[in-house]
Amino acid sequence: MTHTVAEIEIDRQTDALVGEWLTLREVADKLGLDLKRVKQLLRDHKLLGVQRAEGLCVPAAFISGDQPLKGLQSTLTVLADSGFDNVGALRWLFTEDESLPGSPVQALAQHRVKEINRRAQALAL
């Protein structure tokens, strides 16, 4: 079943894993965009957002300076192709992995996109 971004609610455990969240208005301010363009980034899977008490939110770690985190879109695509829903993708991205070390989202921030995408592809096997 396909959901629109606004229909997906997050569980407490995943919410705690992610830690810091940004509302769409905060994302728009950080990226220097209007809300319409931020919603387009969500539709284009360049960002991932979920419904929280304060509304639709994006993990703060998905924003690097004034841009979406480099490589995030390709990783989100690989995870979706591997059968992960949005909440499952968030759990995987923010769960610590001793072999990295750190979490996959931290590795993306360190420009290790190819390594993270290989690991995400291996999950489908």
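All of these numbers come straight from a predicted model, not from anything done at the bench.

(A) A look at the pattern of salt bridges. Applying the stated rule across the entire model yields seven salt bridges. One salt bridge connects R91 with D11, and the closest N-O pair in it is separated by 2.8 Å. In this pair, R91 sits in helix α5 (residues 86-94) while D11 sits in the segment before α1 (12-18), placing the two residues 80 residues apart along the sequence. R91 gets classed as partly exposed once you look at its relative accessible area, which sits at 35%. D11 gets classed as partly exposed once you look at its relative accessible area, which sits at 27%.

(B) Structural detail: the sheet that holds strand β3 (residues 55-59). Taking strand neighbours across the sheet as the criterion, the three strands line up as β1-β3-β2 in an open arrangement whose pairing is antiparallel. Only two strands of the sheet have a single partner each, and these edge strands are β1 (21-23) and β2 (50-52). Direction aside, neighbouring strands of the sheet carry axes that sit 55° apart on average. Where β1 meets β3, three bridges bridge the pair, whose relative direction is antiparallel. Following the sheet pairing, W21 is matched in β3 by P59. Packing of helix α2 (residues 24-31) onto the sheet brings it into contact with β1 and β3, and relative to β1 it is tilted by some 90°.

(C) Seen up close, the packing of aromatic side chains. All told, the structure shown has one aromatic pair when counted by the stated rule. On the numbers, 5.7 Å between centres and 40° between planes, the contact of F62 with F94 is tilted. A residue pair is termed long-range when its members are at least 10 positions apart, and F62 in the loop between β3 and β4 (63-64) and F94 in helix α5 qualify at 32 residues. The residues F62 and F94 share a single accessibility class, namely buried.

(D) Broad picture of the confidence of the model for the chain. Mean pLDDT over the chain stands at 90; residues scoring 70 or higher make up 92%. Every residue in residues 1-7 is under pLDDT 50, and counting partners more than four places away or in other chains gives six contacts.

(E) How the structure looks around helix α4 (residues 72-81). Those residues of α4 not exposed but buried are L72, T75, L76, V78 and L79. What you see down the axis of α4 is that its buried residues fit within an arc of 160°, all on one side. Lining the buried residues of α4 we find α5, α6 (104-109) and α7 (113-122). Phi turns positive one or two residues past the end of α4, at G83, with a value near 95°.

(F) Quick peek at unusual backbone geometry. In this structure, the amide linkage connecting L100 to the following residue, P101, adopts the cis form with an omega of -20°. Structurally, P101 can be placed in the loop between α5 and α6. The phi torsion at H45 lies on the positive side, around 60°, for a residue other than glycine. With respect to the helices and strands, the residue H45 is situated in the loop between α3 (35-43) and β2. Assessed through its relative accessible area of 49%, H45 is described here as partly exposed. You will see that H111, though not glycine, has its phi angle at about 65°, which is positive. Assignment of secondary structure puts H111 in the loop between α6 and α7. Under the relative-accessibility criterion, H111 is labelled exposed at 63%.

How each quantity is defined
- Residues numbered from 1 in each chain as written.
- Predicted model: local features only at pLDDT ≥ 70, side-chain atom pairs only at ≥ 80, totals over all residues.
- Heavy atoms only, no water.
- Salt bridge = Lys/Arg side-chain N within 4 Å of Asp/Glu carboxyl O.
- Helix = DSSP H or I, 4+ residues; strand = E, 2+ residues; numbered from the N terminus.
- Buried < 20%, exposed > 50% of the residue type's maximum accessible area, 1.4 Å probe, protein only.
- Pairing = 2+ DSSP bridges.
- Axes fitted to C-alpha atoms, helices over the stretch in contact; angles between N-to-C directions.
- Contact = heavy atoms within 4.5 Å.
- Phe/Tyr/Trp six-rings, centres within 6.5 Å; stacked < 30°, edge-to-face > 60°.
- pLDDT = per-residue confidence, 0-100.
- Arc of directions from axis to C-beta.

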